[in-house]
Amino acid sequence: MSKEEKKKGVNIFFKIVIVLILIIIILLGVAFFYVKGKLDKIQKVELPKDEELGITEEIEQKLTGYRNIAIFGVDSRADDYGRGNRSDCIVIASINNDTGEIKLASVYRDTYVNIDGYGLDKITHAYSYGEAPLAIKTLNKNLDLNINEFVTVNFDSVAEAVDQLGGIKLTIDSEEIKYINGYIDETSRVTGKKSQHITQPGTYTVDGVQAVAYSRIRYTAGGDYKRTERMRTVIEAMFAKLKTRNLKEINSFADAILPHVYTNISATDIISMVPSMAKYKVTESVGWPYNTKGKTMDRWYGIPVTLESNVIQLHKEIFGEEDYVPSDTVKSISQSIVNKTGYKN
């Protein structure tokens with residue numbers, strides 16, 4: 001199984017946005033209308049009704065204790081999150097409403113699934129074909145989920161966030177040095193931000209371009225699993241740095257970052273989550289599908305082997321469902337993937 005083609009998945013917004021709100025409101029005691037004014041900078045959109053997002057009544061009942069939010073990192077190079085932008089990063093943040101535990105499932109972008117109206121294809125293309133609604137519907141139908149909320153960002157947003165924090169500390173090893181400068185040049189070009197090469201292993205205070213470049217390295221040992229770890233390292237470093245900032249600095253950070261957030265979660269709804277935020281903690285992070293095989297057809301795909309068994313394992317690990325029985329929809333899609341690829345074990 002090739003790890004090289006899999007794409008990163010990280011909890012960008014729970015660390016950058018939701019935790020930012022927690023810090024502003026709880027640690028600094030900022031007034032409601034001031035905070036709401038900040039949150040109103042977010043690009044707010046509306047989604048269709050649940051049934052149009054592929055949420056069935058049966059799944060809704062099974063997952064009633066969980067709030068599942070889709071997090072997309074798109075390949076847009078500006079604040080354009082519409083059609084044509086593939087979701088290079090897909091994360092499902094699953095919040096247990098009773099315990100506050102947050103489990104993260106990174107869905108690899110090349111995963112072979114069914115997209116309504118387009119048939120079997122890479123899941124990354126769902127966002128490109130139909131923006132967030134079709135991407136969410138694809139997740140719901142192929143993974144038996146109840147997602148009706150999302151947030152989206154692009155590479156530029158992460159680079160800007162790091163720069164707003166005055167950089168973060170990263171340790172770069174000799175293997176990573178071989179690749180990071182190529183990514184620095186590419187990221188600098190697409191973000192329009194100047195940066196410098198890193199030529200020796202060591203610990204550095206890196207800028208936004210360098211941080212994004214570091215998180216995109218995928219050709220070292222460990223492939224995409226290691227790249228996912230690097231992105232988590234970047235986000236954790238950002239979170240640690242953010243907690244050291246004063247009110248003025250956090251204010252500037254919010255002004256710079258929040259306008260780049262594209263979501264259907266309202267400012268009022270985010271604020272309503274605050275009383276529960278103290279108990280929120282990320283307890284698990286997994287990559288999905290768990291079992292895949294690479295196959296080149298018209299292009300390279302990551303084939304879930306099988307979709308049905310991967311969905312069963314997901315519901316066991318994320319939702320604690322020991323004897324989960326997938327929906328007829330998942331079973332049907334799974335069989336169609338087997339018929340198309342021949343991969344059944």
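Residues numbered from 1 in each chain as written. Predicted model: local features only at pLDDT ≥ 70, side-chain atom pairs only at ≥ 80, totals over all residues. Heavy atoms only, no water.

**Overview of the overall build of the protein**
Link 1 in the chain: Within the protein, the secondary structure is distributed over 13 helices and 13 strands.
Link 2 in the chain: Put simply, 73% of the contacts in the protein that link residues at least 6 apart link residues at least 24 apart.
Link 3 in the chain: In the structure as shown, the protein presents an accessible area of about 14200 Å², 47% of it carried by carbon and sulfur atoms. (Helix = DSSP H or I, 4+ residues; strand = E, 2+ residues; numbered from the N terminus. Contact = heavy atoms within 4.5 Å. Areas by Shrake-Rupley, 256 points an atom, 1.4 Å probe, with all protein chains shown as cover.)

**So, the confidence of the model for the protein**
Link 1 in the chain: Summary statistics for the protein give a mean pLDDT of 82 and a share of 81% for residues scoring 70 or more.
Link 2 in the chain: Here residues 1-15 scores under 50 on pLDDT; set against residues more than four positions off or in separate chains, the count is 66 contacts.
Link 3 in the chain: Note on residues 22-29: pLDDT under 50 across the span, and 19 contacts to partners over four residues away in sequence or across chains. (pLDDT = per-residue confidence, 0-100.)

**What about the nonpolar core?**
Link 1 in the chain: Phe72, Ile92, Val107, Ile136, Leu139, Phe150 and Trp288 are the most contacted members of the largest nonpolar core, which totals 44 residues.
Link 2 in the chain: For this core, the leading source of residues is helix 4 (residues 124-143), giving eight residues.
Link 3 in the chain: Ignoring sequence-local partners within four residues, the contact set of Leu139 consists of Ala70, Phe72, Ile90, Ile92, Val107, Ile123, Asp144, Leu145 and Ile147.
Link 4 in the chain: Core analysis: the next-biggest nonpolar cluster, separate from the first, contains 24 residues, Val162, Ile172, Ile180 and Ile250 among them. (Core = buried A, V, L, I, M, F, W, Y, C linked by side-chain atoms within 4.5 Å. Buried < 20%, exposed > 50% of the residue type's maximum accessible area, 1.4 Å probe, protein only.)

**Looking at helix 13 (residues 328-341)**
Link 1 in the chain: Helix length check: helix 13 (14 residues) gives 20 Å between terminal C-alpha atoms against 20 Å at 1.5 Å per residue, within 8%.
Link 2 in the chain: Among the residues making up helix 13, those that are buried are Val330, Ile333, Ser334, Ile337, Val338 and Thr341. One side of helix 13 holds all its buried residues, which, seen down the axis, span an arc of 140 degrees. Seen from the buried face of helix 13, the exposed residues on the opposite side, beyond 90 degrees, are Asp328, Asn339 and Lys340.
Link 3 in the chain: Where helix 13 is buried, its residues contact strand 5 (112-115), strand 6 (119-122), helix 4, strand 12 (292-296), strand 13 (300-304) and helix 12 (307-319).
Link 4 in the chain: Within two residues after helix 13, Gly342 carries a phi angle of roughly 80 degrees, on the positive side. (Expected span 1.5 Å × (residues − 1). Arc of directions from axis to C-beta.)

**Re the packing of helix 12 against helix 13**
Link 1 in the chain: The N-to-C vectors of helix 12 and helix 13 enclose an angle of 135 degrees; their axes lie 8 Å apart at closest approach. Of the possible angle classes, the one that applies to helix 12 and helix 13 is oblique. In this structure, helix 12 uses Leu307, Glu308 and Val311 to contact helix 13, whose residues at the interface are Val330, Lys331, Ile333, Ser334 and Ile337.
Link 2 in the chain: Class assignment for the residues of the contact of helix 12 with helix 13 results in five nonpolar, one polar and two charged. (Axes fitted to C-alpha atoms, helices over the stretch in contact; angles between N-to-C directions. Parallel < 35°, antiparallel > 145°, perpendicular 65-115°, else oblique. Nonpolar A, V, L, I, M, F, W, Y, C, P; charged D, E, K, R; others polar.)

**Notes on the pattern of salt bridges**
Link 1 in the chain: In total, this model carries 13 salt bridges according to the counting rule given.
Link 2 in the chain: Of the charged contacts, one joins Glu322 and Lys316 as a salt bridge, the two residues approaching to 3.9 Å between their closest N and O atoms.
Link 3 in the chain: Exposure remark for Glu322: the relative accessible area of 54% places this residue in the exposed category.
Link 4 in the chain: Salt bridges sharing partners connect three or more residues here, namely Arg109, Asp110 and Lys122. (Salt bridge = Lys/Arg side-chain N within 4 Å of Asp/Glu carboxyl O.)

**Some points on the side chain of Arg67**
Link 1 in the chain: Within the secondary structure layout, Arg67 lies in strand 2 (residues 66-74).
Link 2 in the chain: When its relative accessible area of 18% is taken as the criterion, Arg67 is described as buried.
Link 3 in the chain: Here Glu149 takes part through its side chain, which lies 2.6 Å from a polar atom of the side chain of Arg67. (Polar contact = N/O pair within 3.5 Å; in protein donor to acceptor, adjacent residues only side chain to side chain.)

**Brief notes about the environment of Ala211**
Link 1 in the chain: Within the secondary structure, Ala211 sits in helix 7 (residues 208-216).
Link 2 in the chain: Overall, Ala211 belongs to the buried group, its relative accessible area being 1%.
Link 3 in the chain: It is 9.1 Å that separates the C-alpha atoms of Ala211 and Lys169, two residues lying 42 residues apart in sequence.
Link 4 in the chain: Setting aside anything within four residues of it in sequence, one finds Ala211 in contact with Val162, Ile168, Leu170, Val206 and Val234.

**Considering the side chain of Glu321**
Link 1 in the chain: Note that Glu321 resides in the loop between helix 12 and helix 13.
Link 2 in the chain: Although Glu321 is buried, it makes no salt bridge; Lys62 carries the closest opposite charge, 5.5 Å away.
Link 3 in the chain: A polar atom in the side chain of Glu321 sits 2.7 Å from the side chain of His315.
Link 4 in the chain: Those residues within four positions of Glu321 in sequence are excluded, and the remaining contacts are Lys62, Leu63, His315 and Lys316. (Lys, Arg positive; Asp, Glu negative; His and termini not counted.)

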